[in-house]
Protein chains: 2
Amino acid sequence: MNTLEKITTNLDSFSKSERKVAEVIIASPQTAIHSSIAALAKLADVSEPTVNRFCRRLDTKGFPDFKLHLAQSLANGTPYVNRNVDEDDGPEAYTNKIFETAMASLESAKNSLDTAAVNRAVDLLTQANKISFFGLGASASVAQDAMNKFFRFNLPVSYFDDVVMMRMSCIVATEEDVIVLISHTGRTKSMIDIAHLAKQNDSTVIGITAKDSPLAKECNLVLSMEVPEDTDVFMPMASRIAQMTLIDVLATGFTLRRGLKFRENLKRVKQSLIESRVDR
Amino acid sequence: MNTLEKITTNLDSFSKSERKVAEVIIASPQTAIHSSIAALAKLADVSEPTVNRFCRRLDTKGFPDFKLHLAQSLANGTPYVNRNVDEDDGPEAYTNKIFETAMASLESAKNSLDTAAVNRAVDLLTQANKISFFGLGASASVAQDAMNKFFRFNLPVSYFDDVVMMRMSCIVATEEDVIVLISHTGRTKSMIDIAHLAKQNDSTVIGITAKDSPLAKECNLVLSMEVPEDTDVFMPMASRIAQMTLIDVLATGFTLRRGLKFRENLKRVKQSLIESRVDR
DNA sequence: CAATTTTTTGAAAAAATACTACATTTTTGT
DNA sequence: ACAAAAATGTAGTATTTTTTCAAAAAATTG
């Protein structure tokens, strides 16, 4: 918990003098972090050791350490927490909240991602003869994005957002093929069927999906991320951003693995796009 | 500017010894804020006054004050600094860098977004009879994502990633239609043509694109965001994430504008998806 | 309600830490 | 190669924080 919150919450557990210190700090945290222990003690009308004891009570090493913690809690202009959109938020408010929620999701996705699994996924992808990305509904755009990225690697890539096409694609798949299934919940029936079908042909199935979900169980390799729940009435937003970033990670791992010469090729692809643009 | 960024940026302006200090701090800012000036000096293999001078050069009052500033810059999640992927980064390193870059992009996109323009965009969208999202190449997935979101609003929505279809769609467009064009650079010739075509039918054209770009000039309303350059050889990553988040913002603004009853409908759409899932 | 124990508090000394002045070294320009 | 300027370090000084310990206040008990 944020240090300033902690002070407010535990206000009751302090002694009389310590509470004076707490109140002075709450009144003006900015003053507090720029004062010496002596100045703060004077402000609160207590002795210096009291201030020091107050700091220790908040699980800090001492006064300087306490100032550090307090400074950090002030720095988080808006803590990424509990930023759900309200009924009566204006454009400014909901814009900020949504961007901040997205950032918080990425943070938590990053921390929960297993980099060893990422590495194995890159292994599998670099060895693939052909790569397919499948996603339905909201995950379709992620699959499309993935195709767009891997397409530049001059590799057979395909993407489908249609169950029939996925099926057909799986039937002709070989053991040299890698199929990447994208599903936030991991509980979409048709996706589970697809995974099953793909494995019957010994294709490699990588799932970007929820841990321990039915779909995850069907995959050869699972990449899962903890993304704070989309608690609102609206629609899944956070998860797609995290998935897209994961695709970026895979694509980057892929190019790094392929080495320098390979990246020269990429430059050429990028160059070729310039011709479709107007001059500056 | 964030203190840690400042150190990275001004690395060249430091003297030899001061750079040693800077490097030690960049290598482990957490260690830095928990060390005394003596400990840090030893780590950097310089004298204490050098560390002190280094702090002053960064416009702080001295070492303790510097630690405060550094602590604050660390508090904002992760040091979003110069996190370009290196040739010899391992999976752990490049995963973190990419996620952090994405977060930094969102932060900067958020700060550069004009919320008044967002509000006007929401106005236009709520009044539209029909909404189309167009995007080519990398922006296609964003357009698809947008369609997926707005589709739930029980509205005529379409999305195309194909110039011919876009053209056809524009020709039959009316003045009650809103067309959202997504292009990172704003310099893709065919998109500019499309915008022109749409305006001939008095359709409303909203551009999610670069400020002052040729495409921006053709639009009735432009939503632009400053996203740190994709400096690497690879592909555009940051911009798409920002665009997607912007779509989330628009969708949210849309639902808020439509009021409570409308959101009840959304719940039903969400509910209907559950039937396609396996039980927990 | 007084006696005893426990807790809280602050003065002062001790320790740790940061800063200043100045000397020395290194770099830069001629 | 020399002088001037800049950078760096040594050593002493000042500041700040922490510890110690004794007094005061509050709580507990007979």
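Definitions and cut-offs
- Residues numbered from 1 in each chain as written.
- Chains lettered and ligands numbered in written order.
- Predicted model: local features only at pLDDT ≥ 70, side-chain atom pairs only at ≥ 80, totals over all residues.
- Heavy atoms only, no water.
- Helix = DSSP H or I, 4+ residues; strand = E, 2+ residues; numbered from the N terminus.
- Buried < 20%, exposed > 50% of the residue type's maximum accessible area, 1.4 Å probe, protein only.
- Contact = heavy atoms within 4.5 Å.
- Areas by Shrake-Rupley, 256 points an atom, 1.4 Å probe, with all protein chains shown as cover.
- Right-handed = clockwise from strand over helix to strand, strands pointing away.
- Pairing = 2+ DSSP bridges.
- Near = heavy atom within 4 Å.
- Polar contact = N/O pair within 3.5 Å; in protein donor to acceptor, adjacent residues only side chain to side chain.
- Nonpolar A, V, L, I, M, F, W, Y, C, P; charged D, E, K, R; others polar.
- Phe/Tyr/Trp six-rings, centres within 6.5 Å; stacked < 30°, edge-to-face > 60°.
- Axes fitted to C-alpha atoms, helices over the stretch in contact; angles between N-to-C directions.
- Parallel < 35°, antiparallel > 145°, perpendicular 65-115°, else oblique.
- Patch = residues over 30% accessible without salt bridge, like charges linked within 9 Å, V, L, I, M, F, W, Y side chains within 5 Å.
- Salt bridge = Lys/Arg side-chain N within 4 Å of Asp/Glu carboxyl O.
- Core = buried A, V, L, I, M, F, W, Y, C linked by side-chain atoms within 4.5 Å.
- Expected span 1.5 Å × (residues − 1).
- Arc of directions from axis to C-beta.
- pLDDT = per-residue confidence, 0-100.

(A) The overall build of chain A, seen in detail. Counting secondary structure elements, chain A contains 14 helices and five strands. The buried share of chain A, taken over its 280 residues, is 51%. A separation of at least 24 residues holds for 66% of the contacts in chain A among residues at least 6 apart in sequence. As displayed, chain A has an accessible area near 12,800 Å², and 50% of this comes from carbon and sulfur atoms.

(B) Molecular detail of the pairing of strand E4 (residues 204-209) of chain B. Residue and element names in this part refer to chain B. Summarising burial for E4: six of the six residues are buried, a large majority. Burial along E4 is two-sided: Thr 204, Ile 206 and Ile 208 and Val 205, Gly 207 and Thr 209, pointing in opposite directions, are all buried. Handedness of the strand E3 (residues 177-183)-helix H11 (residues 189-200)-E4 crossover: right-handed. Of the strand pairs in this sheet, E4 and strand E5 (residues 221-223) are connected by three bridges, and their pairing is parallel. Following the sheet pairing, Gly 207 is matched in E5 by Val 222.

(C) Representation of the environment of A:Ala104. Here A:Ala104 lies in helix H7 (residues 91-112). With 124 residues separating them in the primary sequence, A:Ala104 and A:Pro228 have C-alpha atoms 8.3 Å apart.

(D) Quick look at the protein's contact with DNA strand D. Contacts to DNA strand D come from 19 residues, most closely from A:Ile37, A:Asn52, A:Arg56, B:Ser15 and B:Ser17. Within the backbone of A:Phe63, an N or O atom sits 3.0 Å from a phosphate oxygen of DNA strand D. Every element with two or more residues in the surface near DNA strand D is listed here: helix H5 (48-57) and helix H6 (63-75) of chain A together with helix H2 (16-27) and helix H5 (48-57) of chain B. For the surface near DNA strand D, the per-class residue count stands at six nonpolar, seven polar and six charged.

(E) Structural context of the packing of aromatic side chains. Counted by the stated rule, this structure contains 14 aromatic pairs over all chains. Ring pairing ties together the aromatic residues A:Phe133, A:Phe150, A:Phe153 and A:Phe254, which thus form one cluster.

(F) Representation of the protein's contact with DNA strand C. Around DNA strand C, a shell composed of 19 residues is seen, among which A:Ser15, A:Ser17, B:Ile37, B:Asn52 and B:Arg56 lie nearest. In the interface set of DNA strand C, defined as its atoms within 4 Å of the protein, sugar plus phosphate atoms amount to 77%. A distance of 3.0 Å separates a phosphate oxygen of DNA strand C from a polar side-chain atom of A:Thr50. Contacts to DNA strand C include B:Asn52, whose side-chain N or O atom sits 2.2 Å from a phosphate oxygen. Those elements giving two or more residues to the surface near DNA strand C turn out to be helix H2 (16-27) and H5 of chain A together with H5 and helix H6 (63-75) of chain B. Considering every element that reaches the surface near DNA strand C, the biggest residue donor is H5(B), with four residues. For the surface near DNA strand C, the residue count by class is six nonpolar, seven polar and six charged.

(G) Geometry of the sheet that holds strand E2 (residues 157-160) of chain A. Residues and elements named next belong to chain A. The five strands lie next to each other as E2-E1-E3-E4-E5, forming an open sheet whose pairing is parallel. Of all the strands in the sheet, just E2 and strand E5 (221-223) have a single pairing partner and so form its edges. Ignoring which end each strand starts from, the neighbouring axes of this sheet average 20° apart. Alignment of strand E3 (residues 177-183) against strand E4 (residues 204-209), held across six bridges, turns out to be parallel. In the strand pairing of E4, Ile 182 is matched with Ile 208.

(H) Highlighting the side chain of A:Ser224. Of note, A:Ser224 is situated in the loop between E5 and helix H13 (238-258). Look past the residues within four positions of A:Ser224 in its chain and what remains in contact with it is A:Ser112, A:Leu113, A:Thr209, A:Ala210 and A:Lys211.

(I) Seen up close, the packing of H7(A) against helix H8 (residues 115-127) of chain B. Running from N to C, H7(A) and H8(B) point in directions that differ by 100°, and their axes come no closer than 9 Å. Taken together, H7(A) and H8(B) sit at an angle that is classed as roughly perpendicular. Seen from H7(A), the contacting residues are A:Pro91, A:Glu92, A:Tyr94 and A:Thr95; seen from H8(B), they are B:Thr115, B:Val118, B:Asn119 and B:Val122. Tallied by class, the residues present in the contact of H7(A) with H8(B) amount to four nonpolar, three polar and one charged.

(J) Focus on a nonpolar patch on the surface. Together, A:Val164, A:Met165 and A:Met168 make up a nonpolar patch on the protein surface, roughly 270 Å² of accessible area in all. Structurally, A:Met168 can be placed in helix H10 (residues 163-171).

(K) Broad picture of the nonpolar core. Within the largest apolar cluster, 90 residues are counted, with the highest numbers of intra-cluster contacts made by A:Ile131, A:Phe150, A:Leu250, B:Ile131, B:Phe150 and B:Leu250. When residues no more than four places from it in sequence are discounted, the contact partners of A:Ile131 are A:Leu125, A:Phe150, A:Leu155, A:Pro156, A:Val157, A:Ser158, A:Val178, A:Val180 and A:Phe254.

(L) Geometry of H11(B). All names here are of chain B. For H11, which comprises 12 residues, the first-to-last C-alpha distance of 17 Å matches the rise-based estimate of 16 Å (1.5 Å per residue) to within 8%. For H11, the set of buried residues is Met 191, Ile 192, Ile 194, Ala 195 and Ala 198. Considered in projection along H11, the buried side chains sweep an arc of 160° and stay on one side of the axis. Looking at the buried positions of H11, the neighbouring elements they touch are strand E1 (130-135), helix H10 (163-171), E3, E4 and helix H12 (214-218). A positive backbone phi angle near 60° is found at Asp 202, which sits one or two residues after H11.

(M) Representation of the pairing of strand E2 (residues 157-160) of chain B within the structure. Residues and elements named next belong to chain B. Burial along E2 is two-sided: the face carrying Val 157 and Tyr 159 and the face carrying Ser 158 and Phe 160 are both buried. Note: E1 against E2, four bridges, orientation parallel. For Ile 131, the partnering residue across the bridge sits in E2 and is Val 157. Between the parallel elements E1 and E2, the chain passes through helix H9 (residues 140-151) in a crossover that is right-handed.

(N) Looking closely at the side chain of A:Thr209. Residues and elements named next belong to chain A. In this fold, Thr 209 is placed in strand E4. Owing to a relative accessible area of 5%, Thr 209 belongs among the buried residues under this scheme. Of the polar contacts made by the side chain of Thr 209, one reaches the backbone nitrogen of Gly 186; its length is 3.3 Å. Leaving out residues up to four positions away in the same chain, Thr 209 has contacts with Ser 183, His 184, Thr 185, Gly 186, Leu 215, Ala 216, Val 222, Leu 223, Ser 224 and Met 225.

(O) Representation of the confidence of the model for chain A. Within chain A, residue pLDDT values average 85, and 87% of them lie at 70 or more. Taken together, the stretch residues 77-82 of chain A has pLDDT below 50 and engages in six contacts with residues farther than four places along the chain or on a different chain.

(P) Examining H2(B) more closely. Residues and elements named next belong to chain B. Over its 12 residues, H2 extends 17 Å from the first C-alpha to the last, a length consistent with the 16 Å expected when each residue adds 1.5 Å. All of the buried residues in H2 are Glu 18, Val 21, Ala 22 and Ile 25. What you see down the axis of H2 is that its buried residues fit within an arc of 100°, all on one side. Exposed positions of H2 whose direction lies more than 90 degrees from the buried face are Lys 16 and Ala 27. Against the buried residues of H2 lie helix H1 (3-9), helix H3 (29-33), helix H4 (37-44), H5 and H6.

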